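An overview of the molecular structure
Residues per chain are reported as follows:
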Amino acid sequence: MSYENLAGRTAVVTGAASGIGEAVAELLAAQGARVALLARRGERLEAVAGKIRAGGGEALAVVADVTDEASVRAATARIRTTYGPVDLVVNAAGVMLPNPVEAGRIDEWQRMIDTNVTGVLRIIRAFTEDLVSAAAEGRTADLVNISSVGAHTPYPHYAVYGATKAALTYLSQSLRTEFGPRDVRVTNIEPGLTESELASHIDNAELAGQLDGMFEELGGLSAGEVADVVAYVASRPRRVNLRQVMVLPTRQA
Ligand code: NDP
């Protein structure tokens with residue numbers, strides 16, 4: 001499949017070390033975008049960047065922790081120096097740590113809020129000026145946030161994760177009032193079950209097993225299938241904004 005409007009763009013993709021972020025970075029690069037890859041694991045980022053370059057694409061691996069202000073600042077400076085301003089930002093970095101609320105896992109709550117909400121905000125703050133000036137110059141400018149079906153549908157023991165994603169879905173909608181008038185598109189993507197490393201951080205064996213069962217029963221999307229949606233929305237003409245897309249495996253209600 002090929003998409004219009006992606007060649008020559010400069011993208012930042014967070015969470016590009018694995019899963020959806022990795023697939024988005026690869027697809028955007030394959031369509032001719034220059035892509036800065038952000039995550040904490042440098043070796044993984046270098047491997048993804050190497051794959052992109054081997055295929056003739058342009059990629060820059062930038063180690064950054066979205067929960068750390070200094071780290072994001074340094075990453076932003078490095079991207080600006082190497083690529084100049086960006087016009088496509090994809091927030092895919094996220095963590096999902098389910099447990100019953102009464103387990104009182106403040107450590108997990110904090111990590112999810114810091115990564116899935118404050119981390120996204122940090123990235124938005126870092127690149128807003130770039131997006132606004134790209135749009136002012138008549139170029140297409142996109143902010144794409146990867147939220148989740150969990151923003152709308154409650155699952156037992158995923159209350160805090162769902163709350164962070166509901167916050168992100170709301171944030172995307174709300175930011176349209178600030179960015180839309182300046183021709184910066186804001187798109188909120190809400191995937192359902194998707195094959196990735198997301199479940200590997202769950203420390204509750206029973207809940208990890210339940211999730212495996214859901215994947216077996218419903219069949220997860222591949223990360224590439226979600227990336228296809230990101231590339232599709234970013235490749236529409238600049239006046240067209242699919243503001244919210246929920247993408248689910250066909251068997252997931
Ligand atoms: P993965 O765990 O494979 O990807 C998450 C990515 O985020 C990793 O590359 C990880 O890299 C990065 N990351 C995590 N914490 C940080 C941090 N503090 N700073 C920078 N990068 C970080 O899972 P997915 O690909 O599934 O997740 C991508 C997004 O999709 C998430 O926001 C998730 O909530 C959402 N989502 C996923 C669904 C699914 O079923 N898989 C369904 C709905 C939404 P590193 O560890 O190297 O930092």
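Residues numbered from 1 in each chain as written. Predicted model: local features only at pLDDT ≥ 70, side-chain atom pairs only at ≥ 80, totals over all residues. Heavy atoms only, no water.

1. Looking at the packing of aromatic side chains
Inspection of every chain in the model, using the stated rule, returns one aromatic pair. The interplanar angle of 75° and the centroid separation of 6.4 Å between the aromatic rings of Tyr-155 and Tyr-158 together place this pair among those described as edge-to-face. What makes Tyr-155 partly exposed here is its relative accessible area of 27%. Positioned above the aromatic ring of Tyr-232 is the side chain of Arg-236, whose terminal nitrogen or guanidinium carbon lies 3.8 Å from the ring centre. (Phe/Tyr/Trp six-rings, centres within 6.5 Å; stacked < 30°, edge-to-face > 60°. Buried < 20%, exposed > 50% of the residue type's maximum accessible area, 1.4 Å probe, protein only. Lys NZ or Arg CZ within 6 Å of the ring centre and 35° of its normal.)

2. Re the environment of Thr-177
Here Thr-177 is to be found in helix 5 (residues 159-179). Looking at Thr-177, the relative accessible area reads 60%, which means it is exposed. (Helix = DSSP H or I, 4+ residues; strand = E, 2+ residues; numbered from the N terminus.)

3. Quick notes on the site of the ligand
Close to the ligand lie 28 residues; Ile-20, Arg-40, Arg-41, Tyr-161 and Ser-196 are nearest. Within the side chain of Arg-40, a nitrogen or oxygen atom sits 2.7 Å from an oxygen atom of the ligand. For the ligand, an oxygen atom lies 2.9 Å from a polar atom in the side chain of Lys-165. When isolated, the ligand has an accessible area of 890 Å², and the protein chains bury 96% of it. Where the shell around the ligand is concerned, the elements lending two or more residues are helix 1 (19-30) and helix 5. Each residue belonging to the shell around the ligand can be placed in one class, and the counts come to 12 nonpolar, 11 polar and five charged. (Near = heavy atom within 4 Å. Polar contact = N/O pair within 3.5 Å; in protein donor to acceptor, adjacent residues only side chain to side chain. Areas by Shrake-Rupley, 256 points an atom, 1.4 Å probe, with all protein chains shown as cover. Nonpolar A, V, L, I, M, F, W, Y, C, P; charged D, E, K, R; others polar.)

4. Some details on helix 4 (residues 106-136)
Helix length check: helix 4 (31 residues) gives 43 Å between terminal C-alpha atoms against 45 Å at 1.5 Å per residue, within 8%. Gly-138, located one to two residues past helix 4, shows a positive phi value of around 90°. (Expected span 1.5 Å × (residues − 1).)

5. As for the side chain of Arg-9
Following the sequence through the fold, Arg-9 ends up in the segment before strand 1 (10-14). For Arg-9, a relative accessible area of 4% translates into the label buried. Reaching out from Arg-9, the side chain makes a polar contact with the backbone oxygen of Asn-5 at a distance of 3.4 Å. When near neighbours in sequence (up to four residues on either side) are disregarded, Arg-9 contacts Gly-32, Ala-33, Arg-34, Asp-87, Leu-88, Thr-140, Ala-141, Asp-142, Arg-185 and Ala-234. (Contact = heavy atoms within 4.5 Å.)

6. Topic: the sheet that holds strand 3 (residues 58-63)
The seven strands are arranged 3-2-1-4-5-6-7 in an open sheet whose pairing can be described as parallel. The two strands at the open ends of the sheet, each matched to only one other strand, are strand 3 and strand 7 (244-247). Each neighbouring strand pair of the sheet contributes to a mean axis angle of 15°, computed without reference to strand direction. When strand 1 meets strand 2 (residues 34-39), the two strands line up parallel, connected through five bridges. What sits directly across from Val-12, in strand 2, is Ala-36. On the sheet, helix 1 packs against strand 1, strand 2, strand 3, strand 4 (88-91), strand 5 (141-146) and strand 6 (184-191) and is oriented at approximately 165° with respect to strand 1. Along the sheet, helix 5 makes contact with strand 5, strand 6 and strand 7, crossing strand 6 at roughly 165°. (Pairing = 2+ DSSP bridges. Axes fitted to C-alpha atoms, helices over the stretch in contact; angles between N-to-C directions.)

7. A closer look at the pattern of salt bridges
Going through the model one piece at a time under the given rule, you end up with 16 salt bridges. Here Glu-26 makes a salt bridge to Lys-51, at a shortest N to O gap of 2.7 Å. Here Glu-26, found in helix 1, pairs with Lys-51, found in helix 2 (residues 42-54); they are 25 residues apart in sequence, far enough to count as distant. The class for Glu-26 is partly exposed, based on a relative accessible area of 26%. (Salt bridge = Lys/Arg side-chain N within 4 Å of Asp/Glu carboxyl O.)

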